[in-house]
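Understanding the architecture of this molecule
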Amino acid sequence: MSAKQKMFPNLRSAVISIAVVALLLTFAVFAIDRNNVNRLGGYHKSALVELQKVEAHLSLRLGYATTLSSLLGQGENASKLASLVALAGQARSAGEISETYLAMDAVLALLQKELFADAAYRTYAPYFEKMYEEELLLTEVLLSYHAKADYYNRQKHAFPAVLTANRMEMKDLPLFAFSAALKGRP
């Protein structure tokens, strides 16, 4: 039988080999971390661009609802709309925005039916039409945002990106809950 061969001929070559392996592992960890930072940052930025578009359409729709509310004056549904417009202007989180959007949607549906019989409906109709146009545009942008935000959230929770996300304290992007109301339009 042959004698057992030494892996390293001397102590110096063992130390150098271990140092090289440690250096390569450190470089690999930094490279993977940098890749995750860049990748997650790109996904996040892409989703935020779509979120700004969603917010722009929501703001336009809220502007039309505000104007309509000021034109209506008094009435049960008109006062509900006015209070919901005020709430929508203060809403900050995706949950609050979704909740006020759905409530405003229900009030606007009732209000439109109520006003349709009114002789002055022609005065109010353009506002309902513009809000509907904004909802159609919002549907497309919202789907794009949800797809990008969901992809970012899933990528952020995958290994090893979760380590980077935790280190950088990255938060999940919020998803809105009013897409069902948008799809139910005639």
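Overview of the structure. (Residues numbered from 1 in each chain as written. Predicted model: local features only at pLDDT ≥ 70, side-chain atom pairs only at ≥ 80, totals over all residues. Heavy atoms only, no water.)

What to know about the packing of aromatic side chains
The test is simple: The pairing test for Phe, Tyr and Trp rings, Trp by its six-membered ring, is centres within 6.5 Å, and the orientation test on the planes gives stacked under 30 degrees, edge-to-face over 60, and tilted for anything in between. Strands are runs of DSSP state E lasting at least two residues, helices are runs of H or I lasting at least four, and both sets are numbered from the N terminus onward. Throughout, exposure labels follow a simple rule: accessible area from a 1.4 Å probe, protein chains only, divided by the maximum for the residue type, with under 20% read as buried, over 50% as exposed, and the rest as partly exposed.
Under the counting rule described, the total for this entry stands at two aromatic pairs. Arranged with centres 5.0 Å apart and planes meeting at 75°, the rings of Tyr43 and Tyr151 form a pair that is edge-to-face. With Tyr43 in helix H1 (residues 11–72) and Tyr151 in helix H4 (residues 121–156), this residue pair connects regions lying 108 residues apart in the sequence. For Tyr43, a relative accessible area of 24% gives the class partly exposed. Residue classification places Tyr151 among the partly exposed positions, given a relative accessible area of 35%. Centroid distance Tyr145 to Phe176: 5.9 Å. Interplanar angle 55°. Geometry classified as tilted. Of the two residues, Tyr145 sits in helix H4 while Phe176 sits in the loop between helix H5 (161–167) and helix H6 (179–183), which places them 31 residues apart along the sequence.

Considerations on the packing of H1 against H4
Filter applied, for reference: All axes are obtained by fitting lines to C-alpha atoms, using only the stretch in contact for helices, and the reported angles, taken between N-to-C directions, cover 0 to 180 degrees. Here the word oblique covers every angle except those under 35 degrees (roughly parallel), over 145 (roughly antiparallel) and from 65 to 115 (roughly perpendicular). It is the rotation of the near helix from the far one that decides the hand of a crossing: anticlockwise by less than a right angle makes it left-handed, clockwise makes it right-handed. Each residue is assigned to one class: nonpolar for Ala, Val, Leu, Ile, Met, Phe, Trp, Tyr, Cys and Pro, charged for Asp, Glu, Lys and Arg, and polar for all the others, Gly among them.
Put simply, H1 and H4 touch, their axes get as near as 8 Å, and they point 160° apart. Regarding the angle of H1 to H4, the classification is roughly antiparallel. The crossing of H1 and H4 is left-handed. Residues belonging to the contact of H1 with H4 are distributed by class as follows: 24 nonpolar, six polar and nine charged.

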